[in-house]
Amino acid sequence: MHDHRTGSNYSRPVRRVLVGGLILIFFAIFLVWRIDSPRAERARAQIVDRVVPSFDWALRPVTRVANMVEDFQSYARIYEQNQELRRELQQMKAWKEAALQLEQENAKLLDLNRVRLDPALTHVTGVVLADSGSPFRQSVLLNIGARDGLRDGWATTDGLGLVGRVSGVGNNSARVVLLTDSASRIPVTIQPSGQGAILSGDNSSLPVIEFLEVADAVRPGDRVISSGDGGVFPAGLLVGHIALGAGGRLRVRLAADYERLEFLRVLRAIEEERVTGSGDVVPRPPEAQTPQVDEVGE
Amino acid sequence: MINPVTLQRWLYRLLFVAICGAVIFGRLLPVHFTHRQIPGPDLVMLFTFAWVLRRPDYVPFPVVALVLIATDILFSRAVGLGAGLGLVAVEFLRSRESLWRDLPVTAEFAMVALVLLMYTLGTAAIHGIFVVDQPPFGKRLLQLTITLISYPLVVALSRYGLGVSKPAPGEVDALGHRL
(Lines give C-alpha, C1' and ligand atoms only; values in the text may rest on other atoms or scores of the structure.)
Protein backbone atom coordinates (compact mmCIF):
# COMPACT_ATOMS: atom_id res chain seq x y z
CA MET A 1 0.00 0.00 0.00
CA HIS A 2 1.48 3.25 -1.11
CA ASP A 3 1.38 5.90 1.53
CA HIS A 4 0.01 9.04 0.04
CA ARG A 5 -0.61 10.87 3.27
CA THR A 6 2.86 11.87 4.23
CA GLY A 7 3.98 11.87 0.64
CA SER A 8 7.46 10.88 1.70
CA ASN A 9 8.35 7.23 1.49
CA TYR A 10 11.70 7.47 3.18
CA SER A 11 10.23 8.79 6.43
CA ARG A 12 8.18 5.64 6.99
CA PRO A 13 10.92 3.24 8.14
CA VAL A 14 12.30 5.90 10.48
CA ARG A 15 8.87 6.40 11.91
CA ARG A 16 8.39 2.69 12.32
CA VAL A 17 11.66 2.40 14.22
CA LEU A 18 10.69 5.31 16.43
CA VAL A 19 7.29 3.79 17.25
CA GLY A 20 8.85 0.40 17.93
CA GLY A 21 11.46 2.01 20.14
CA LEU A 22 8.83 3.90 22.07
CA ILE A 23 6.80 0.74 22.64
CA LEU A 24 9.93 -1.04 23.85
CA ILE A 25 10.70 1.85 26.19
CA PHE A 26 7.19 1.64 27.63
CA PHE A 27 7.52 -2.07 28.27
CA ALA A 28 10.95 -1.46 29.80
CA ILE A 29 9.34 1.13 32.09
CA PHE A 30 6.73 -1.46 33.01
CA LEU A 31 9.45 -3.99 33.85
CA VAL A 32 11.32 -1.46 35.95
CA TRP A 33 8.07 -0.59 37.72
CA ARG A 34 7.43 -4.27 38.39
CA ILE A 35 10.94 -5.06 39.58
CA ASP A 36 11.66 -2.01 41.69
CA SER A 37 8.13 -1.12 42.68
CA PRO A 38 8.92 1.10 45.70
CA ARG A 39 11.30 3.31 43.77
CA ALA A 40 8.97 3.57 40.78
CA GLU A 41 6.06 4.41 43.04
CA ARG A 42 8.17 7.09 44.67
CA ALA A 43 8.88 8.55 41.24
CA ARG A 44 5.17 8.41 40.48
CA ALA A 45 4.39 10.16 43.75
CA GLN A 46 6.81 12.93 42.81
CA ILE A 47 5.16 13.39 39.42
CA VAL A 48 1.69 13.43 40.94
CA ASP A 49 3.02 15.83 43.56
CA ARG A 50 4.13 18.16 40.79
CA VAL A 51 1.03 17.85 38.63
CA VAL A 52 -2.03 17.61 40.82
CA PRO A 53 -1.52 20.56 43.21
CA SER A 54 -1.11 22.74 40.12
CA PHE A 55 -4.67 21.75 39.23
CA ASP A 56 -5.78 23.02 42.61
CA TRP A 57 -7.20 26.29 41.32
CA ALA A 58 -9.46 24.31 39.02
CA LEU A 59 -10.16 21.39 41.32
CA ARG A 60 -11.65 23.47 44.08
CA PRO A 61 -14.36 25.37 42.20
CA VAL A 62 -15.44 22.28 40.28
CA THR A 63 -15.66 20.24 43.45
CA ARG A 64 -17.57 23.03 45.13
CA VAL A 65 -20.06 23.27 42.27
CA ALA A 66 -20.52 19.51 42.17
CA ASN A 67 -21.18 19.45 45.89
CA MET A 68 -23.65 22.30 45.50
CA VAL A 69 -25.51 20.34 42.85
CA GLU A 70 -25.57 17.38 45.18
CA ASP A 71 -26.87 19.57 47.99
CA PHE A 72 -29.48 21.03 45.69
CA GLN A 73 -30.70 17.57 44.81
CA SER A 74 -31.08 16.87 48.46
CA TYR A 75 -33.44 19.84 48.88
CA ALA A 76 -36.01 17.74 47.12
CA ARG A 77 -36.32 15.49 50.10
CA ILE A 78 -35.57 18.03 52.75
CA TYR A 79 -38.67 17.31 54.75
CA GLU A 80 -37.89 13.62 55.11
CA GLN A 81 -34.34 14.49 56.00
CA ASN A 82 -35.51 16.89 58.66
CA GLN A 83 -37.64 14.21 60.24
CA GLU A 84 -34.82 11.76 60.04
CA LEU A 85 -32.42 14.20 61.64
CA ARG A 86 -34.81 14.84 64.50
CA ARG A 87 -35.08 11.16 65.18
CA GLU A 88 -31.33 10.78 65.02
CA LEU A 89 -30.84 13.76 67.30
CA GLN A 90 -33.07 12.12 69.85
CA GLN A 91 -31.01 8.97 69.69
CA MET A 92 -27.82 10.96 69.84
CA LYS A 93 -28.89 12.64 73.05
CA ALA A 94 -29.34 9.25 74.61
CA TRP A 95 -25.95 8.18 73.34
CA LYS A 96 -24.32 11.37 74.52
CA GLU A 97 -25.59 10.73 78.01
CA ALA A 98 -24.26 7.20 77.86
CA ALA A 99 -20.94 8.42 76.49
CA LEU A 100 -20.50 10.98 79.25
CA GLN A 101 -21.14 8.40 81.89
CA LEU A 102 -18.77 5.99 80.23
CA GLU A 103 -16.12 8.67 79.90
CA GLN A 104 -16.26 9.38 83.59
CA GLU A 105 -16.16 5.73 84.40
CA ASN A 106 -13.29 5.22 82.01
CA ALA A 107 -11.34 8.09 83.51
CA LYS A 108 -11.80 6.60 86.95
CA LEU A 109 -10.72 3.18 85.82
CA LEU A 110 -7.70 4.55 84.00
CA ASP A 111 -6.76 6.43 87.12
CA LEU A 112 -7.09 3.28 89.18
CA ASN A 113 -4.97 1.32 86.76
CA ARG A 114 -2.41 4.12 86.26
CA VAL A 115 -2.59 3.55 82.52
CA ARG A 116 -0.41 5.89 80.52
CA LEU A 117 -1.89 6.48 77.08
CA ASP A 118 0.53 6.73 74.21
CA PRO A 119 1.44 10.42 74.05
CA ALA A 120 3.26 10.00 70.74
CA LEU A 121 0.06 9.60 68.79
CA THR A 122 -0.45 13.08 67.41
CA HIS A 123 -2.00 13.84 64.07
CA VAL A 124 -1.79 16.09 61.03
CA THR A 125 -4.97 17.00 59.20
CA GLY A 126 -5.09 17.31 55.43
CA VAL A 127 -7.64 18.15 52.80
CA VAL A 128 -8.50 15.63 50.11
CA LEU A 129 -7.19 17.11 46.87
CA ALA A 130 -8.10 14.52 44.34
CA ASP A 131 -9.78 11.21 44.34
CA SER A 132 -8.74 8.69 41.78
CA GLY A 133 -11.34 6.34 43.10
CA SER A 134 -12.45 3.99 40.41
CA PRO A 135 -13.80 0.49 40.54
CA PHE A 136 -10.18 -0.62 40.09
CA ARG A 137 -8.26 1.55 42.51
CA GLN A 138 -9.48 3.21 45.64
CA SER A 139 -7.24 5.96 46.88
CA VAL A 140 -7.32 9.66 47.60
CA LEU A 141 -4.68 12.33 47.39
CA LEU A 142 -4.05 14.61 50.38
CA ASN A 143 -2.53 18.06 50.29
CA ILE A 144 0.06 17.25 52.96
CA GLY A 145 3.25 15.39 52.31
CA ALA A 146 6.86 14.95 53.29
CA ARG A 147 6.96 18.67 54.05
CA ASP A 148 4.64 17.97 56.97
CA GLY A 149 6.66 14.98 58.06
CA LEU A 150 4.43 12.31 56.58
CA ARG A 151 5.85 8.87 56.04
CA ASP A 152 4.68 5.81 54.20
CA GLY A 153 2.48 3.47 56.17
CA TRP A 154 0.92 5.92 58.60
CA ALA A 155 -2.71 5.39 59.46
CA THR A 156 -5.39 7.81 58.32
CA THR A 157 -8.76 8.39 59.93
CA ASP A 158 -11.64 10.73 59.24
CA GLY A 159 -11.95 11.53 62.93
CA LEU A 160 -14.26 8.61 63.61
CA GLY A 161 -13.03 5.54 61.82
CA LEU A 162 -9.94 4.30 60.05
CA VAL A 163 -9.84 5.31 56.40
CA GLY A 164 -6.62 3.87 55.04
CA ARG A 165 -2.89 4.09 55.08
CA VAL A 166 -0.44 6.47 53.51
CA SER A 167 1.20 4.90 50.51
CA GLY A 168 3.32 7.21 48.45
CA VAL A 169 4.50 10.53 49.79
CA GLY A 170 5.45 13.47 47.65
CA ASN A 171 6.73 16.74 48.97
CA ASN A 172 3.33 18.44 49.07
CA SER A 173 0.98 15.54 48.60
CA ALA A 174 0.44 12.02 49.79
CA ARG A 175 -1.66 9.18 48.49
CA VAL A 176 -3.87 7.31 50.91
CA VAL A 177 -4.84 3.81 49.89
CA LEU A 178 -8.32 3.23 51.26
CA LEU A 179 -9.30 0.12 53.17
CA THR A 180 -11.59 -0.79 50.30
CA ASP A 181 -8.73 -0.98 47.79
CA SER A 182 -7.97 -4.47 46.63
CA ALA A 183 -4.35 -4.07 47.72
CA SER A 184 -5.23 -3.14 51.28
CA ARG A 185 -4.66 -5.69 54.06
CA ILE A 186 -4.64 -4.67 57.71
CA PRO A 187 -4.63 -6.69 60.92
CA VAL A 188 -7.75 -6.17 63.01
CA THR A 189 -9.29 -7.42 66.23
CA ILE A 190 -12.97 -8.21 66.50
CA GLN A 191 -14.04 -6.86 69.78
CA PRO A 192 -16.19 -8.94 72.10
CA SER A 193 -14.53 -12.21 71.10
CA GLY A 194 -11.06 -10.63 70.83
CA GLN A 195 -10.10 -12.61 67.76
CA GLY A 196 -7.49 -11.42 65.30
CA ALA A 197 -8.17 -11.36 61.61
CA ILE A 198 -7.07 -9.64 58.43
CA LEU A 199 -9.29 -7.04 56.83
CA SER A 200 -8.76 -7.21 53.11
CA GLY A 201 -10.27 -4.81 50.61
CA ASP A 202 -11.84 -6.11 47.42
CA ASN A 203 -12.96 -2.88 45.77
CA SER A 204 -16.44 -3.22 47.19
CA SER A 205 -17.63 -0.81 49.84
CA LEU A 206 -17.55 -3.57 52.45
CA PRO A 207 -14.09 -5.12 52.89
CA VAL A 208 -13.84 -8.81 53.76
CA ILE A 209 -12.69 -10.42 57.01
CA GLU A 210 -10.13 -13.12 56.31
CA PHE A 211 -8.11 -15.62 58.33
CA LEU A 212 -10.61 -15.74 61.13
CA GLU A 213 -10.06 -18.62 63.50
CA VAL A 214 -13.50 -19.21 64.99
CA ALA A 215 -16.08 -17.68 62.72
CA ASP A 216 -18.89 -18.82 64.98
CA ALA A 217 -17.79 -16.49 67.75
CA VAL A 218 -18.31 -13.46 65.53
CA ARG A 219 -21.72 -11.95 64.93
CA PRO A 220 -22.90 -9.13 62.71
CA GLY A 221 -22.68 -5.88 64.63
CA ASP A 222 -19.45 -6.74 66.46
CA ARG A 223 -16.92 -3.91 66.63
CA VAL A 224 -13.79 -4.16 64.57
CA ILE A 225 -10.70 -2.26 65.67
CA SER A 226 -7.15 -2.22 64.37
CA SER A 227 -4.97 -4.62 66.27
CA GLY A 228 -1.53 -3.14 65.76
CA ASP A 229 -0.03 -6.55 64.99
CA GLY A 230 3.21 -6.39 63.09
CA GLY A 231 3.61 -2.72 63.92
CA VAL A 232 1.61 -1.81 60.82
CA PHE A 233 -0.90 0.39 62.57
CA PRO A 234 -1.49 1.86 65.97
CA ALA A 235 -3.77 -0.47 67.88
CA GLY A 236 -7.28 0.34 68.97
CA LEU A 237 -8.50 2.53 66.12
CA LEU A 238 -12.15 1.94 65.27
CA VAL A 239 -12.54 0.37 61.85
CA GLY A 240 -16.21 -0.51 61.70
CA HIS A 241 -18.77 -3.16 62.45
CA ILE A 242 -19.21 -6.69 61.20
CA ALA A 243 -21.87 -7.25 58.58
CA LEU A 244 -22.91 -10.48 56.96
CA GLY A 245 -22.26 -10.23 53.24
CA ALA A 246 -23.71 -12.19 50.39
CA GLY A 247 -22.68 -15.83 50.44
CA GLY A 248 -22.27 -15.82 54.20
CA ARG A 249 -18.90 -14.03 54.11
CA LEU A 250 -18.12 -11.74 56.99
CA ARG A 251 -17.60 -8.20 55.87
CA VAL A 252 -17.03 -4.91 57.65
CA ARG A 253 -19.28 -1.89 57.44
CA LEU A 254 -16.72 0.87 57.80
CA ALA A 255 -17.19 3.53 60.45
CA ALA A 256 -15.58 6.23 58.32
CA ASP A 257 -17.90 8.02 55.93
CA TYR A 258 -16.41 7.04 52.60
CA GLU A 259 -18.96 9.01 50.63
CA ARG A 260 -17.65 12.28 52.00
CA LEU A 261 -13.95 12.14 52.50
CA GLU A 262 -12.98 15.75 52.82
CA PHE A 263 -10.61 16.19 55.74
CA LEU A 264 -8.45 13.30 56.83
CA ARG A 265 -6.29 12.91 59.91
CA VAL A 266 -2.95 11.26 59.45
CA LEU A 267 -1.77 9.77 62.72
CA ARG A 268 1.92 10.19 63.36
CA ALA A 269 3.18 6.78 64.32
CA ILE A 270 6.48 6.90 66.11
CA GLU A 271 8.68 3.91 65.48
CA GLU A 272 7.98 1.41 68.23
CA GLU A 273 10.68 -0.30 70.15
CA ARG A 274 11.11 -3.84 68.94
CA VAL A 275 12.32 -6.95 70.62
CA THR A 276 15.01 -8.41 68.41
CA GLY A 277 16.91 -11.64 68.75
CA SER A 278 15.44 -14.98 69.68
CA GLY A 279 16.20 -14.56 73.38
CA ASP A 280 18.77 -16.76 75.03
CA VAL A 281 17.35 -18.85 77.83
CA VAL A 282 20.40 -18.43 80.03
CA PRO A 283 22.29 -15.22 79.42
CA ARG A 284 26.00 -15.89 79.25
CA PRO A 285 28.10 -13.84 81.63
CA PRO A 286 30.20 -11.43 79.62
CA GLU A 287 33.59 -12.22 81.24
CA ALA A 288 33.25 -15.96 80.70
CA GLN A 289 32.87 -15.56 76.94
CA THR A 290 36.35 -14.61 75.79
CA PRO A 291 38.32 -17.64 77.10
CA GLN A 292 35.66 -19.98 75.70
CA VAL A 293 36.01 -18.56 72.23
CA ASP A 294 39.79 -18.98 72.43
CA GLU A 295 39.46 -22.63 73.32
CA VAL A 296 37.19 -23.30 70.42
CA GLY A 297 39.60 -21.50 68.13
CA GLU A 298 42.43 -23.85 69.07
CA MET B 1 3.26 33.13 8.22
CA ILE B 2 1.90 29.71 9.13
CA ASN B 3 -0.08 28.13 6.36
CA PRO B 4 -3.71 27.33 7.25
CA VAL B 5 -3.33 23.57 6.82
CA THR B 6 -0.51 23.31 9.34
CA LEU B 7 -2.32 25.65 11.68
CA GLN B 8 -5.51 23.57 11.54
CA ARG B 9 -3.56 20.36 12.07
CA TRP B 10 -1.83 21.76 15.14
CA LEU B 11 -5.06 23.16 16.51
CA TYR B 12 -6.64 19.73 16.28
CA ARG B 13 -3.61 18.16 17.95
CA LEU B 14 -3.95 20.67 20.77
CA LEU B 15 -7.65 19.91 20.94
CA PHE B 16 -6.89 16.20 21.29
CA VAL B 17 -4.49 16.85 24.16
CA ALA B 18 -7.06 19.16 25.75
CA ILE B 19 -9.80 16.52 25.53
CA CYS B 20 -7.57 13.87 27.10
CA GLY B 21 -6.50 16.38 29.75
CA ALA B 22 -10.13 17.08 30.54
CA VAL B 23 -10.87 13.36 30.83
CA ILE B 24 -7.95 12.85 33.21
CA PHE B 25 -8.92 15.93 35.16
CA GLY B 26 -12.51 14.72 35.45
CA ARG B 27 -11.35 11.40 36.80
CA LEU B 28 -9.12 13.07 39.40
CA LEU B 29 -11.91 15.19 40.81
CA PRO B 30 -13.23 14.04 44.16
CA VAL B 31 -16.64 13.72 42.53
CA HIS B 32 -17.98 10.51 41.10
CA PHE B 33 -19.72 10.65 37.78
CA THR B 34 -20.35 6.93 37.73
CA HIS B 35 -21.45 4.42 40.30
CA ARG B 36 -18.65 3.07 42.49
CA GLN B 37 -19.05 -0.42 41.16
CA ILE B 38 -19.57 0.35 37.50
CA PRO B 39 -16.50 1.55 35.65
CA GLY B 40 -16.83 4.41 33.22
CA PRO B 41 -15.68 4.06 29.62
CA ASP B 42 -12.01 4.40 28.79
CA LEU B 43 -12.53 7.74 27.06
CA VAL B 44 -8.87 8.40 26.28
CA MET B 45 -8.62 5.19 24.24
CA LEU B 46 -11.95 5.85 22.55
CA PHE B 47 -11.02 9.33 21.40
CA THR B 48 -7.64 8.11 20.19
CA PHE B 49 -9.23 5.30 18.18
CA ALA B 50 -11.99 7.44 16.74
CA TRP B 51 -9.55 10.13 15.66
CA VAL B 52 -6.86 7.83 14.33
CA LEU B 53 -9.43 6.15 12.11
CA ARG B 54 -10.62 9.50 10.79
CA ARG B 55 -7.69 11.85 10.61
CA PRO B 56 -4.47 10.06 11.63
CA ASP B 57 -2.49 13.24 11.13
CA TYR B 58 -4.35 14.83 14.06
CA VAL B 59 -3.05 12.22 16.48
CA PRO B 60 0.66 11.67 15.78
CA PHE B 61 2.24 8.89 17.80
CA PRO B 62 4.36 11.09 20.13
CA VAL B 63 1.20 12.85 21.27
CA VAL B 64 -0.61 9.55 21.80
CA ALA B 65 2.37 8.16 23.70
CA LEU B 66 2.56 11.23 25.92
CA VAL B 67 -1.15 11.13 26.72
CA LEU B 68 -1.14 7.40 27.43
CA ILE B 69 1.86 7.47 29.76
CA ALA B 70 0.36 10.44 31.61
CA THR B 71 -2.86 8.47 32.05
CA ASP B 72 -0.92 5.50 33.39
CA ILE B 73 0.96 7.60 35.90
CA LEU B 74 -1.95 9.70 37.14
CA PHE B 75 -4.51 6.90 37.38
CA SER B 76 -2.06 4.78 39.41
CA ARG B 77 -2.15 1.90 36.99
CA ALA B 78 0.79 -0.27 36.03
CA VAL B 79 3.18 2.33 34.61
CA GLY B 80 4.10 1.76 30.97
CA LEU B 81 1.91 -1.26 30.37
CA GLY B 82 -1.24 0.59 29.36
CA ALA B 83 0.86 3.01 27.31
CA GLY B 84 2.79 0.24 25.55
CA LEU B 85 -0.23 -1.88 24.69
CA GLY B 86 -2.28 1.19 23.83
CA LEU B 87 0.38 2.42 21.43
CA VAL B 88 0.52 -1.01 19.79
CA ALA B 89 -3.26 -0.94 19.33
CA VAL B 90 -3.30 2.60 17.97
CA GLU B 91 -0.46 1.96 15.54
CA PHE B 92 -2.16 -1.25 14.40
CA LEU B 93 -5.29 0.72 13.55
CA ARG B 94 -3.30 3.54 11.99
CA SER B 95 -1.34 1.30 9.66
CA ARG B 96 -4.61 -0.08 8.27
CA GLU B 97 -6.47 3.20 8.30
CA SER B 98 -6.62 3.49 4.51
CA LEU B 99 -7.97 -0.08 4.25
CA TRP B 100 -11.29 0.66 5.88
CA ARG B 101 -11.61 4.24 4.92
CA ASP B 102 -14.31 3.16 2.48
CA LEU B 103 -15.93 0.57 4.72
CA PRO B 104 -19.19 1.29 6.56
CA VAL B 105 -19.23 2.37 10.17
CA THR B 106 -20.32 -1.07 11.36
CA ALA B 107 -17.11 -2.63 10.02
CA GLU B 108 -15.10 0.05 11.80
CA PHE B 109 -17.00 -0.66 15.00
CA ALA B 110 -16.30 -4.37 14.72
CA MET B 111 -12.60 -3.68 14.19
CA VAL B 112 -12.42 -1.34 17.16
CA ALA B 113 -14.27 -3.93 19.25
CA LEU B 114 -11.74 -6.58 18.27
CA VAL B 115 -8.76 -4.36 18.99
CA LEU B 116 -10.17 -3.29 22.36
CA LEU B 117 -10.88 -6.92 23.25
CA MET B 118 -7.28 -7.84 22.43
CA TYR B 119 -6.07 -4.84 24.42
CA THR B 120 -8.12 -5.90 27.45
CA LEU B 121 -7.08 -9.55 27.20
CA GLY B 122 -3.45 -8.51 26.74
CA THR B 123 -3.54 -6.25 29.79
CA ALA B 124 -5.14 -8.96 31.90
CA ALA B 125 -2.68 -11.59 30.66
CA ILE B 126 0.42 -9.46 31.32
CA HIS B 127 -0.90 -8.54 34.75
CA GLY B 128 -1.32 -12.26 35.40
CA ILE B 129 2.10 -13.22 34.08
CA PHE B 130 3.89 -10.59 36.15
CA VAL B 131 1.71 -11.33 39.19
CA VAL B 132 0.49 -7.77 39.57
CA ASP B 133 -2.63 -7.19 41.63
CA GLN B 134 -5.49 -6.78 39.21
CA PRO B 135 -9.22 -6.24 39.33
CA PRO B 136 -11.45 -9.24 38.71
CA PHE B 137 -11.72 -10.21 35.08
CA GLY B 138 -15.49 -9.75 35.06
CA LYS B 139 -15.02 -6.10 35.91
CA ARG B 140 -12.61 -5.65 33.03
CA LEU B 141 -15.14 -7.20 30.66
CA LEU B 142 -17.81 -4.90 32.08
CA GLN B 143 -15.61 -1.91 31.39
CA LEU B 144 -14.90 -3.20 27.90
CA THR B 145 -18.62 -3.48 27.20
CA ILE B 146 -19.31 0.01 28.50
CA THR B 147 -16.40 1.38 26.51
CA LEU B 148 -17.70 -0.25 23.33
CA ILE B 149 -21.21 1.04 23.88
CA SER B 150 -19.86 4.57 24.17
CA TYR B 151 -17.77 4.32 20.99
CA PRO B 152 -20.58 5.48 18.64
CA LEU B 153 -21.20 8.45 20.93
CA VAL B 154 -17.55 9.44 20.85
CA VAL B 155 -17.52 9.07 17.06
CA ALA B 156 -20.66 11.18 16.74
CA LEU B 157 -19.19 13.84 19.01
CA SER B 158 -15.91 13.92 17.07
CA ARG B 159 -17.70 13.97 13.73
CA TYR B 160 -20.53 16.43 14.27
CA GLY B 161 -19.31 18.34 17.30
CA LEU B 162 -15.62 18.71 16.51
CA GLY B 163 -15.57 18.22 12.76
CA VAL B 164 -13.18 15.28 12.68
CA SER B 165 -14.48 13.30 9.71
CA LYS B 166 -13.00 10.89 7.23
CA PRO B 167 -11.75 12.66 4.14
CA ALA B 168 -14.09 12.15 1.20
CA PRO B 169 -12.62 10.45 -1.90
CA GLY B 170 -10.60 12.96 -3.83
CA GLU B 171 -10.77 15.58 -1.11
CA VAL B 172 -7.80 17.91 -1.09
CA ASP B 173 -6.53 20.30 1.52
CA ALA B 174 -5.97 24.01 0.96
CA LEU B 175 -2.60 23.38 -0.66
CA GLY B 176 -4.01 20.81 -3.07
CA HIS B 177 -2.46 17.69 -1.46
CA ARG B 178 -4.58 14.60 -1.34
CA LEU B 179 -5.72 13.70 2.12
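Heads up: these notes are all about the structure in this document. Computed from a predicted structure; not experimentally measured.

1. Overview of the overall build of chain A
Then step 1. Within chain A, the regular secondary structure consists of five helices and twelve strands.
Then step 2. Counting all 298 residues of chain A, 28% fall into the buried class.
Then step 3. Expressed as a percentage of contacts within chain A between residues at least 6 apart in sequence, the contacts between residues at least 24 apart total 57%.

2. Topic: the nonpolar core
Then step 1. By size, the foremost hydrophobic cluster in this structure holds 89 residues, and its most contacted members are A:Leu142, A:Val176, A:Leu199, A:Val239 and B:Phe47.
Then step 2. Per element, the largest residue contribution to this core is eight residues, and it comes from helix α2 (residues 43-52) of chain B.
Then step 3. Ignoring any residue separated from it by four or fewer positions in sequence, one finds A:Leu199 in contact with A:Leu179, A:Ile186, A:Val188, A:Pro207, A:Ile209, A:Val224, A:Val239 and A:Val252.

3. As for the sheet that holds strand β1 (residues 123-131) of chain A
Residues and elements named next belong to chain A.
Then step 1. With antiparallel pairing, the six strands of this closed barrel are ordered in space as β1-β2-β5-β4-β3-β12. Each strand of the sheet is rotated relative to its neighbour by a mean of 45°, with strand direction disregarded.
Then step 2. As defined by bridge partners, β1 adjoins strand β2 (residues 139-142) across three bridges and the pair is classed as antiparallel. Bridge assignment links valine 128 to a residue of β2, and that residue is leucine 142.
Then step 3. Seen against the sheet, helix α2 (residues 37-51) touches β2, β4 (162-169) and β5 (174-178) and runs at an angle of roughly 95° to β4.

4. A closer look at the interface of chain B and chain A
Then step 1. Contacts between the two partners involve 37 residues from chain B, matched on the other side by 38 residues from chain A.
Then step 2. Among the secondary structure elements, those contributing two or more residues to the side of chain B that touches chain A are α1 (4-28), α3 (61-74) and α4 (81-95) of chain B.
Then step 3. Take the side of chain B that touches chain A: its biggest share by element is six residues, from α4(B).
Then step 4. Its residues placed into classes, the side of chain B that touches chain A shows 23 nonpolar, seven polar and seven charged.

About the thresholds
Residues numbered from 1 in each chain as written. Chains lettered and ligands numbered in written order. Predicted model: local features only at pLDDT ≥ 70, side-chain atom pairs only at ≥ 80, totals over all residues. Helix = DSSP H or I, 4+ residues; strand = E, 2+ residues; numbered from the N terminus. Buried ≥ 20, exposed ≤ 12 C-beta atoms within 10 Å, placed from the backbone. Contact = placed C-beta atoms within 7 Å. Core = buried A, V, L, I, M, F, W, Y, C linked by C-beta atoms within 7 Å. Pairing = 2+ DSSP bridges. Axes fitted to C-alpha atoms, helices over the stretch in contact; angles between N-to-C directions. Nonpolar A, V, L, I, M, F, W, Y, C, P; charged D, E, K, R; others polar.

Any link to function would need more than the numbers given here.
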